[in-house]
Amino acid sequence: MKRFFSIIADKIEGGERITSDEALQLADCHDLLSIGKLAAKANEGRNGARVFFNRNRHINYSNVCINACAFCAFRRDDQQEGAFCLSPQEVGDRTAVAAANGAREVHVVGGLHPEKPLSYYLDLLQAIRRAAPAIHIKAFTAVEIDHLSRLSGLPLAALLNELRAAGLDSLPGGGAEIFAPAVRERLCPEKISGQRWLEIMATVHTAGLRSNATMLFGHLESWADRIDHLLQLRELQDQTGGFMAFIPLPYQADNTRLPELRGPAGVEILKTLAISRLVLDNFDHLKGYWVMLGIKLAQVSLAFGVNDLDGTVIEERIGHAAGAASPQALSCDDLLWLIRRAGKQPVERDSLYATLREY
Ligand code: V47
């Protein structure tokens with residue numbers, strides 16, 4: 001095994017790609033610290049000791065969704081108790097408060113609403129833009145984009161143009177789940193396929209918009225499925241270069257239709273983050289989303305290849321509906337403290353990873 005680790009280390013040093021078989025071999029190995037060391041090295045080559053964070057606010061405009069993914073504790077049927085749909089004015093008001101408190105980005109996502117027309121989504125973007133002209137609007141997953149394209153009848157490129165004209169700046173990475181069709185069939189049968197998710201992201205990037213990518217893991221999938229997901233992202237990134245960050249999301253099981261699965265434990269989460277860093281050699285950033293990782297593991301992840309802790313978040317509903325044990329928000333001081341106590345240098349970034357302030 002020692003020899004295997006030194007082969008991988010040489011490959012990373014020489015800028016050579018690791019193969020699917022090598023990634024699987026890493027996954028099979030119990031030497032977590034050696035895998036972490038390799039990932040930390042791959043990250044340090046790019047980012048040194050710098051760790052990014054941003055001041056953002058999540059806004060979920062609605063939890064009403066025509067899909068019923070087995071992992072989702074957030075969605076409701078239209079008339080079900082607890083269903084909500086915010087007006088553009090309400091989303092604008094929340095944005096104004098967030099901007100007044102220093103937020104530079106809003107992250108806006110929701111369910112696939114059965115009735116709201118495209119004009120609702122355009123009004124939403126315009127209300128945000130009016131409330132905070134300088135704020136970066138990161139909104140709508142590839143799954144929502146597919147829904148809007150179907151309900152409006154607009155082809156993707158034309159739809160993206162309209163959304164952009166109304167204020168859209170970039171797209172979040174949600175909805176990717178796990179690409180493997182057999183798992184997707186059990187996990188989220190109504191959702192767009194992994195292939196369609198990738199096709200939409202390719203169009204998004206061709207339109208000149210940047211996006212992120214996620215992977216939901218620790219449910220029904222195998223390690224081979226995870227590696228396959230990473231390789232498909234790596235391939236698309238080779239073609240477009242449009243992805244900014246990769247964000248692995250550990251499954252939170254409470255209140256879902258797969259509660260017996262429990263979700264991945266700490267070692268598996270760290271191993272997944274580290275292997276992601278090693279396979280995705282063409283992604284600049286690996287985000288440790290503290291909402292799903294928990295604050296303590298998110299801090300530890302900085303020694304396993306992660307270089308971005310995301311943001312202040314303020315109000316998170318998707319992970320918390322499924323029992324995420326993290327707080328609702330972190331202050332900048334919290335983020336600075338976590339990063340510094342990990343021996344790293346905090347860097348505040350904007351939504352496209354330009355440095356705003358080095359601490
Ligand atoms: O798409 C849903 C996932 C995603 C559960 O792009 C769950 O910067 C775990 O995509 N357990 C939404 N995960 C979150 C997301 C995200 C978060 C932070 C930053 C960015 C970014 C994107 O959460 C969904 C889905 O994949 N999710 N339910 C659950 N029970």
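Definitions and cut-offs
- Residues numbered from 1 in each chain as written.
- Predicted model: local features only at pLDDT ≥ 70, side-chain atom pairs only at ≥ 80, totals over all residues.
- Heavy atoms only, no water.
- Axes fitted to C-alpha atoms, helices over the stretch in contact; angles between N-to-C directions.
- Helix = DSSP H or I, 4+ residues; strand = E, 2+ residues; numbered from the N terminus.
- Parallel < 35°, antiparallel > 145°, perpendicular 65-115°, else oblique.
- Left-handed = near helix turned anticlockwise from the far one by under 90°.
- Contact = heavy atoms within 4.5 Å.
- Pairing = 2+ DSSP bridges.
- Phe/Tyr/Trp six-rings, centres within 6.5 Å; stacked < 30°, edge-to-face > 60°.
- Buried < 20%, exposed > 50% of the residue type's maximum accessible area, 1.4 Å probe, protein only.
- Lys NZ or Arg CZ within 6 Å of the ring centre and 35° of its normal.
- Near = heavy atom within 4 Å.
- Polar contact = N/O pair within 3.5 Å; in protein donor to acceptor, adjacent residues only side chain to side chain.
- Areas by Shrake-Rupley, 256 points an atom, 1.4 Å probe, with all protein chains shown as cover.
- Nonpolar A, V, L, I, M, F, W, Y, C, P; charged D, E, K, R; others polar.
- Expected span 1.5 Å × (residues − 1).

### Points about the packing of helix 7 (residues 156–166) against helix 9 (residues 194–206)
Two quantities define a packed helix pair, namely the angle between the axes and the distance from one axis to the other.
Reasoning step 1: Running from amino to carboxyl end, helix 7 crosses helix 9 at an angle of 55°, the nearest separation of the two axes being 10 Å. With respect to their mutual orientation, helix 7 and helix 9 come out oblique. With respect to the hand of their crossing, helix 7 and helix 9 are arranged in right-handed fashion. Two secondary-structure elements touch here, helix 7 through Leu156, Ala157 and Leu160 and helix 9 through Arg196, Ile200, Thr203 and Val204.

### Notes on the pairing of strand 11 (residues 355–358)
Look at any regular strand and the pattern is simple: side chains alternate between the two faces of the sheet.
Reasoning step 1: Sheet analysis places strand 10 (residues 345–349) next to strand 11, joined by three bridges and oriented antiparallel. Paired with Arg349 across the bridge in strand 11 is Thr355.
Reasoning step 2: Here strand 10 hands over to strand 11 after five residues, with Tyr353 in that stretch at a positive phi of 70°.

### Observations concerning the packing of helix 2 (residues 20–28) against helix 10 (residues 223–240)
Reasoning step 1: The geometry of helix 2 relative to helix 10 is characterised by a closest axis approach of 10 Å and an angle of 135° between their N-to-C directions. In terms of their interaxial angle, helix 2 and helix 10 are classed as oblique. In this structure, helix 2 meets helix 10 at a crossing whose hand is right-handed. Contacts between helix 2 and helix 10 involve Ser20, Ala23, Leu24 and Ala27 from the first element and Trp223, Ala224, Ile227 and Leu231 from the second.

### Quick word on the sheet that holds strand 9 (residues 308–311)
Reasoning step 1: Ordered in space as 9-1-10-11, the four strands form an open sheet in which the pairing is mixed. If you trace the sheet from one side to the other, it starts and ends with strand 9 and strand 11, each paired once. Taken over all neighbouring pairs, the strand axes of this sheet differ in orientation by 30° on average, direction set aside.
Reasoning step 2: Packing of helix 15 (residues 332–341) onto the sheet brings it into contact with strand 1 (50–54), strand 9 and strand 10, and relative to strand 1 it is tilted by some 165°.

### A few points about the packing of aromatic side chains
Reasoning step 1: Counted according to the given criterion, the structure contains 13 aromatic pairs.
Reasoning step 2: With centroids separated by 5.3 Å and ring planes inclined at 15°, the aromatic side chains of Phe243 and Phe283 adopt a geometry described as stacked. Pair noted here: Phe243 is in strand 7 (residues 243–250) and Phe283 is in the loop between helix 11 (266–279) and strand 8 (285–286), with a separation of 40 residues, a long-range link. Here Phe243 and Phe283 have matching classes, each one buried.
Reasoning step 3: Members of the aromatic cluster, each reached through a chain of ring pairs, are Phe179, Trp197, Phe243, Phe246 and Phe283.
Reasoning step 4: Lying across the ring of Trp223, Arg226 places its NZ or CZ 4.4 Å from the centre.

### Re the environment of Ala329
Reasoning step 1: Within the secondary structure, Ala329 sits in the loop between helix 14 (318–321) and helix 15.
Reasoning step 2: Considered as a pair, Ala329 and Thr312 are 17 residues apart in the sequence and their alpha carbons are 5.5 Å apart.

### Here we look at the site of the ligand
Reasoning step 1: Of all residues adjacent to the ligand, which total 21 residues, the nearest are Lys138, Gly173, Glu177, Gln252 and Lys287.
Reasoning step 2: In this structure, Phe71 approaches the ligand through a main-chain N or O atom, which is 2.9 Å from a nitrogen atom.
Reasoning step 3: Gly173 places a main-chain nitrogen or oxygen 2.8 Å from an oxygen atom of the ligand.
Reasoning step 4: Considering the ligand on its own, with 620 Å² of exposed area, one finds that the protein chains cover 95% of that surface.
Reasoning step 5: For the shell around the ligand, the secondary-structure elements that each account for two or more residues are strand 6 (210–217) and strand 7.
Reasoning step 6: Residue composition of the shell around the ligand, grouped by class: 11 nonpolar, seven polar and three charged.

### Focus: helix 5 (residues 118–131)
Reasoning step 1: Given a rise of 1.5 Å per residue, 14 residues ought to cover 20 Å, and the 20 Å separating the end C-alpha atoms of helix 5 matches this to within 8%.
Reasoning step 2: By the burial criterion, the buried members of helix 5 are Leu118, Tyr120, Tyr121, Leu122, Leu124, Leu125, Ala127 and Ile128.
Reasoning step 3: In this structure, the buried side of helix 5 is in contact with helix 4 (88–100), strand 3 (105–109), strand 4 (136–139), helix 6 (142–152) and helix 7.

### Regarding unusual backbone geometry
Reasoning step 1: A positive phi angle, near 70°, is found at Arg262, a position not held by glycine.
Reasoning step 2: Looking at the element boundaries, Arg262 is found in the loop between strand 7 and helix 11.
Reasoning step 3: On the basis of relative accessible area, Arg262 is assigned to the exposed category, the value being 73%.
Reasoning step 4: With a phi close to 65°, Val313 is a non-glycine residue in the positive phi region.
Reasoning step 5: Tracing the backbone through its elements, the reader meets Val313 in the loop between strand 9 and helix 14.
Reasoning step 6: The class for Val313 is buried, based on a relative accessible area of 0%.

Shape is all these values report; function is a separate question.
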